[in-house]
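Here are the chains, one letter per residue:
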Amino acid sequence: MKKLSLLLFCIFEMFFLPVWGEEVDFAEVTQGSETNSGTDSFADSGEVETFFESDFDDSFDDLFSSAEDEVVENQTIPTTQETDATQPAPTNMFYVPLKFTGSAEIDVGLGNVWDATGYHFVPGFEFSNTLSFAARISKNLGIQGSFDMSLPKFSFTVSELYFDYLIFDRLYLFGGKREITWGYPRLFSANILEDAVNNIVLSLDLPVWTGSFSAVFLYPPDKFDSMNVGSMSVVGAAEFVIFDTAIKLFGRKNPSLESYDNPEKYVGHIGGLEVKRSFWGVDTYIQTLFVTKDLSQLNNNNGYQKVNTVFGFYKWWETTPKVGFNVEYQHTYTPHEELVQSHRVSFAGGVSRLGKNRNTKIGIEWNHLFVKNEGDVTLACVVNGLFPHAEWQSGLEILYGGAHSKQPKITLGTGLKIKFDY
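Residues numbered from 1 in each chain as written. Predicted model: local features only at pLDDT ≥ 70, side-chain atom pairs only at ≥ 80, totals over all residues. Heavy atoms only, no water.

Undergrad: Please explain the packing of aromatic side chains as it appears in this structure.
TA: Working definition: an aromatic ring pair is given by the centre-to-centre distance plus the angle between the planes. Across all of its chains, the model carries 15 aromatic pairs by this definition. Look at Phe-290 and Tyr-304: their rings are 5.9 Å apart centre to centre, the planes differ by 85°, and that puts the pair in the edge-to-face class. Separated by 14 residues along the polypeptide, Phe-290 in strand 11 (residues 282-292) and Tyr-304 in strand 12 (residues 304-317) bring together distant segments of the chain. Taken together, Phe-100, Phe-133, Phe-147 and Phe-156 form an aromatic cluster joined through their ring pairs. It is Arg-178 that lies over the ring of Phe-174; its NZ or CZ is 4.0 Å from the centre. Of note, Lys-276 hangs over the ring of Tyr-184, and the distance from its end group to the ring centre comes to 4.8 Å. (Phe/Tyr/Trp six-rings, centres within 6.5 Å; stacked < 30°, edge-to-face > 60°. Helix = DSSP H or I, 4+ residues; strand = E, 2+ residues; numbered from the N terminus. Lys NZ or Arg CZ within 6 Å of the ring centre and 35° of its normal.)

Undergrad: How should I be thinking about the confidence of the model for the protein in this particular structure?
TA: Predicted coordinates in areas of low pLDDT are best not read in detail. The predicted model of the protein has a mean per-residue pLDDT of 81, with 77% of residues at 70 or higher. Per-residue pLDDT stays below 50 along residues 1-95; that stretch engages in 268 contacts with residues further than four places along the chain or on separate chains. (pLDDT = per-residue confidence, 0-100. Contact = heavy atoms within 4.5 Å.)

Undergrad: I'm lost on the pairing of strand 18 (residues 404-421) in this one. Help?
TA: Two faces belong to every sheet, and in a regular strand the side chains alternate between them. Bridge count for strand 1 (residues 98-115) against strand 18 is 12 bridges, and the pairing is antiparallel. Within strand 18, the residue paired with Ala-104 across the bridge is Phe-420. As judged from the 11 bridges shared by strand 17 (residues 390-401) and strand 18, these two strands associate in the antiparallel manner. The partner of Ser-394 across the bridge, within strand 18, is Thr-414. Linking strand 17 back to strand 18 in an antiparallel pair, the connection comprises two residues, with Gly-402 at a positive phi of about 60°. (Pairing = 2+ DSSP bridges.)

Undergrad: Sorry, what's going on with the nonpolar core here?
TA: A general feature of soluble globular proteins is that nonpolar side chains tend to end up buried together. Core analysis: the biggest nonpolar cluster contains 15 residues, and Ile-180, Trp-182, Ile-192, Leu-193, Val-216, Leu-218 and Val-235 have the highest contact counts within it. Listed by contribution, the elements that provide at least two residues to this core are strand 7 (211-219), strand 8 (233-242) and strand 11. (Core = buried A, V, L, I, M, F, W, Y, C linked by side-chain atoms within 4.5 Å. Buried < 20%, exposed > 50% of the residue type's maximum accessible area, 1.4 Å probe, protein only.)

Undergrad: Even after reading the chapter, I still don't get the pattern of salt bridges, so can you show me in this structure?
TA: Pairing of side chains with opposite charge becomes possible as their charged atoms draw close. For the structure on display, the rule yields seven salt bridges. Arg-136 is the partner of Asp-164 in a salt bridge, and the nearest nitrogen-oxygen pair spans 2.8 Å. In this pair, Asp-164 sits in strand 4 (residues 155-167) while Arg-136 sits in strand 2 (residues 118-138), placing the two residues 28 residues apart along the sequence. Look at Asp-164 and you get buried, because its relative accessible area is 10%. Residue Arg-136 is classed as partly exposed on the basis of its relative accessible area, which comes to 23%. The shortest N-O distance in the salt bridge between Asp-169 and Lys-139 comes to 3.4 Å. Remark: Lys-139 occurs in the loop between strand 2 and strand 3 (141-151) and Asp-169 occurs in the loop between strand 4 and strand 5 (171-177); sequence separation between them is 30 residues. (Salt bridge = Lys/Arg side-chain N within 4 Å of Asp/Glu carboxyl O.)

As structure tokens, then:
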């Protein structure tokens, strides 16, 4: 995770809200990093970046996905009458049950940073908007997409555009540009389809017994002019629930080495197994994932680029106030790297429905890399209802060890997040 000079809004995005971020290179996802997966080292360069100009982790998103405060929010007023999604399109006129929805977020804040280079004052502003559409011809066929826009660095991207098709009321077919998430771990990145949104995707899902079989085909859009099977990625999985235990076996065949413009970005084939079960109301899970280097030498270290294991557990208490936490431990083995083994731990926890009006949320996240004795601690507080359509957000982040071993880097900030759906 690139560490912001001011992590204030990163904290809040992680805590309860959808996350913005740059596109992820799958090679970085599979090869890992020196802290928690999908992030850079805890010891950053020490440079002060402009507000919001960085990626950040969405570790709190899942933790509080089911936790909604009891504050009375402004209701969205429908502007058009909804059409029955299952109504067939008439053949004698141009007619499609088309729906448009949108969401916007505006961040305005101030922050202060103390580190070895001194004291820094950082203002911030960001405006983002997502416009989505969906058309459902019948229960068998539909299409949907999303367009993302942002300021002050103007950008306009098609984040998703795909169709879904149901065959014989049994086989589900999806095609186009679509985000796909696999994997039980919540804090460490363990999604072997993280790059799906950057490719043209065709996926098949077949429910069977207590589970399903899934297959996903990915092809880079910049190579469609010269179709080559060697440039295609093929992913498969079988997941079943047996005696209240979810078991998933998965694998991915990556493009051949010859199809890479830069051979240094080559990533071997992937395989893995994950298991999840609830004990006394606590979701417990483990995932082991390996990236191959030489399929002919899988019986020794020369056959692997990386072996990664994540163990974690998660619990949310449906009380008032609501309390939840998530803990994960990650062990990474990279036999051909300078750092052969690494051990990491990540904790995310929080409380919501605090205060007289039950409109306050607080949370904490801690990440630590043992081999380098470095990490970060993040504290966040969000108050709803003080301003229309807005949250008042305050946060504190401390980076320690590594590049900050002599002087920890402390970031403190506050601001407003204005958000609305339409």
